[in-house]
Amino acid sequence: MSERFTKGMARNIYYGGGAFFFLLFVALTVDTVTVLPKRENRELLTAEVAHGKEIWEKNNCVGCHSLLGEGAYFAPELGNVFQRRGMENEQVFKAYFSARMKAMPTGVEGRRQMPQFHLKEQEINDLAEFLIWTSRIDTNDWPPNIEG
Amino acid sequence: MKYQSQAVAKPYFAFAMLLFVGQIVFGLILGTQYIIGDFLFPEIPFNVARMVHTNLLIVWLLCGFMGATYYLVPEETQCELYSPKLAWILFWAYAIAGTLTIVGYLSVPYATLAEITYNNILPTMGREFLEQPTITKIGIVIVALGFLFNVGMTILRGRKTVINMVLITGLLGLAVFFLFSFYNPASLTLDKYFWWWVVHLWVEGVWELILGSILAFILIKTTGVDREVVEKWLYLIIAMALISGILGTGHHYFFIGAPEYWLWIGSVFSAVEPLPFFMMMVFAFSMIKQRRREHPNKAAVAWAAGCTIMAFLGAGVWGFLHTLAPVNYYTHGSQITAAHGHLAFFGAYVMIVLAIISYAWPQLQGRLSNSLQAQKVEIASIWVMCVSMLMITLLLTAAGIIQVMQQRMPADGIALGYMATQDLIVPIYWTRLVAGIAFGGGVMLYLYSFVVASRTQADAPALPVSA
């Protein structure tokens, strides 16, 4: 590197650039946090939905599934499972979901197995509420199609 | 080694390598479960094996960072560590907490683990990579505080070089951003948004500071190039890392509910993220070319140089491949992400930790380097690990392309379902498992180099008496 470009200049770019972009990031974060309630329909975030998220976490669902594309890639995406398996009908989805949760594991030899989590009826309902709420978040039109 | 207290790095390095082996074992289990779905079910379900695989990685890399710090800070500050005793106490606290956590994952269902560790008081569990019980997270914070205190006091007493200042800034950032793991709001989008403040601001932010300073240290020691030159490079590299990486976080905000402007910000800034990795590569190779001494530890130089190439490929090239929003729209959450994750973590962080271990371990044993025979085995192991990790990456990329083409791009009704697509990919998963076993072979070869090193101690160059 040319001698004209000194260590002091490099240091200033580091401190100046790092600080500037971090502050910009904080400012954008403030804006994002302000508009998120609208994009995720926070008024629909009921106690049941919040409880559903706790059940999702407590059973490490994200260890196999992805949710809005994040998580593990061993089992289907669940951000749009309400559309895929419930045809956007809450009654249909809840009936499907409850039956499905109780039927696990399938025990089909050689196939991927989902553990039996022994959830109570209320817990299954709340987990379904959480997935329904999640499916309505404005995700900039992701996923590209119903298969997730 | 020049300072007695550097010896506390030893248990950290040894424990890191032990956990590395464990991580690979669980990686092979996961690779098998992708093919034989019910392999080890219900004893070790996929989610448990994955949690063990990724958490062991994080725990052993942090362990390696701490060992590296304890090794290089006394040399940089030119004084003994503030408290070697504290470093030993923290080692045992960290090792015991880490081991108990992994044992917990493997011995009881996750929901039970959440209950017996009182997760309900402050729920933080069940989020990717942050699966540790809250009590373990608190333990990590305590260890980090003790560690930063110990290192900070040492630096305050001694010489303040750019390397140790950048290193401590990186470590401080690591500790500060980890605090966001305690924030778990009911809103999924808020949760995800700040979850990335831990995950992204770690690996594409402050960890790059740690990586840069360890790399700079190894290069100064092995090439004898003037410190001024190295420090200028280091500042420039980490400047670019932060300038691109901070707003680059936006590439995770495309499809999780955050506003549309992140599509642009995330795409533009993360497109620049390969630059610091490219600079690291140019830096390493130009320092090696300008070297003023021939250090006998060729293996350490090979790790360091290899690290910059593999990090550029994994973090830079494979990151760029899917970081632009229109591309990521189809690849988000596919095996492309897994391909990038594997090569980036291996290239950038696994290799830098193994590089510093390779440089430091012989010196901690009183040798300037290992014997030529031992280095030959070690360098062979670098090649085996790098080539097989590249194979894993290429195969996972192929798997991801199939997912995109079969499951993501076709319209509703024509697109294949998730499991139908997985069935199509099985032959690729088999080949990936073979590459994974080859990687495991590379790890065994690496460990064998330690056996050769201890058998051929007599042939190894001794440390200069003045040291």
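For the structure, see preceding data.
Residues numbered from 1 in each chain as written. Chains lettered and ligands numbered in written order. Predicted model: local features only at pLDDT ≥ 70, side-chain atom pairs only at ≥ 80, totals over all residues. Heavy atoms only, no water.

Would you mind going over the interface of chain B and chain A in detail, with residue names and values included?
Across the contact, 88 residues belong to chain B and 71 residues belong to chain A. Taking both sides of the interface into account, the surface hidden between chain B and chain A amounts to around 6,800 Å²; carbon and sulfur atoms contribute 64%. Taken as a group, L188(B), K232(B) and Y235(B) account for 10% of the area that chain B buries against chain A, more than any other trio of residues on that side. Among the ionic pairs, D191(B) bridges to K53(A), the shortest N-O distance being 2.8 Å. For the pair chain B and chain A, the interface holds 46 residue pairs in polar contact (both at pLDDT 80 or more). When the residues that make up the side of chain B that touches chain A are grouped by side-chain class, the tally is 53 nonpolar, 20 polar and 15 charged. (Contact = heavy atoms within 4.5 Å. Buried area = accessible area lost by both parts, 1.4 Å probe. Salt bridge = Lys/Arg side-chain N within 4 Å of Asp/Glu carboxyl O. Polar contact = N/O pair within 3.5 Å; in protein donor to acceptor, adjacent residues only side chain to side chain. Nonpolar A, V, L, I, M, F, W, Y, C, P; charged D, E, K, R; others polar.)

Give a detailed account of helix α7 (residues 188–223) of chain B, specifying residues and quantitative values.
The terminal C-alpha atoms of α7(B), which comprises 36 residues, lie 49 Å apart, in line with the 52 Å expected from a rise of 1.5 Å per residue. Roughly 60 degrees is the biggest bend found in α7(B), and it falls at W202(B). (Helix = DSSP H or I, 4+ residues; strand = E, 2+ residues; numbered from the N terminus. Expected span 1.5 Å × (residues − 1). Bend = angle between axes of the 7 residues up to and from the residue.)

Which residues make up the nonpolar core, and what values go with them?
Counting 173 residues, the largest nonpolar core has W60(B), F65(B), Y70(B), W202(B), W207(B) and I352(B) as the members making the most contacts within it. No other element matches α7(B), which puts 23 residues into this core. The contact partners of W207(B), leaving out residues within four places of it in the chain, are L61(B), L62(B), F65(B), L174(B), W202(B), F345(B) and Y349(B). In this structure, V49(A), A50(A), W56(A) and V62(A) belong to the second largest nonpolar core, which totals 25 residues. (Core = buried A, V, L, I, M, F, W, Y, C linked by side-chain atoms within 4.5 Å. Buried < 20%, exposed > 50% of the residue type's maximum accessible area, 1.4 Å probe, protein only.)

Account for the pattern of salt bridges, with residues named and values stated.
Two side chains that carry opposite charge are able to pair once their charged atoms sit near each other. The full count for this structure, using the stated rule, is 20 salt bridges over all chains. Note that K58(A) and E115(B) form a salt bridge whose closest N and O atoms lie 2.7 Å from each other. Placement of the pair is K58(A) in helix α2 (residues 47–58) and E115(B) in helix α4 (residues 110–116), with the two residues belonging to separate chains. When its relative accessible area of 28% is taken as the criterion, K58(A) is described as partly exposed. Of the residues examined, E115(B) reaches a relative accessible area of 48% and is grouped as partly exposed. Linking K221(B) and E75(B) is a salt bridge whose minimum nitrogen-to-oxygen distance equals 2.9 Å. Taken as a pair, K221(B) in helix α7 and E75(B) in helix α2 (residues 46–77) lie far apart in primary sequence, 146 residues in all. Each member of the pair K221(B) and E75(B) is classed as buried. In the salt-bridge network here, residues are joined through shared partners; they are K7(A), E76(B), R227(B), E228(B) and E231(B).

Run through the packing of helix α1 (residues 7–39) of chain A against α7(B), naming residues and quoting values.
Two numbers describe how α1(A) lies on α7(B): the axes approach to 12 Å, and their chain directions differ by 170 degrees. On the basis of their axis angle, the class for α1(A) and α7(B) is roughly antiparallel. Counted together, Y14(A), F22(A), F25(A), V26(A), L28(A), T29(A), T32(A), V33(A) and L36(A) of α1(A) and T189(B), L190(B), Y193(B), F194(B), W197(B), L201(B) and L209(B) of α7(B) form the full contact between these two elements. Class assignment of the residues belonging to the contact of α1(A) with α7(B) gives a composition of 13 nonpolar, three polar and no charged. (Axes fitted to C-alpha atoms, helices over the stretch in contact; angles between N-to-C directions. Parallel < 35°, antiparallel > 145°, perpendicular 65-115°, else oblique.)

The values reported here are purely geometric and, on their own, carry no functional implication.
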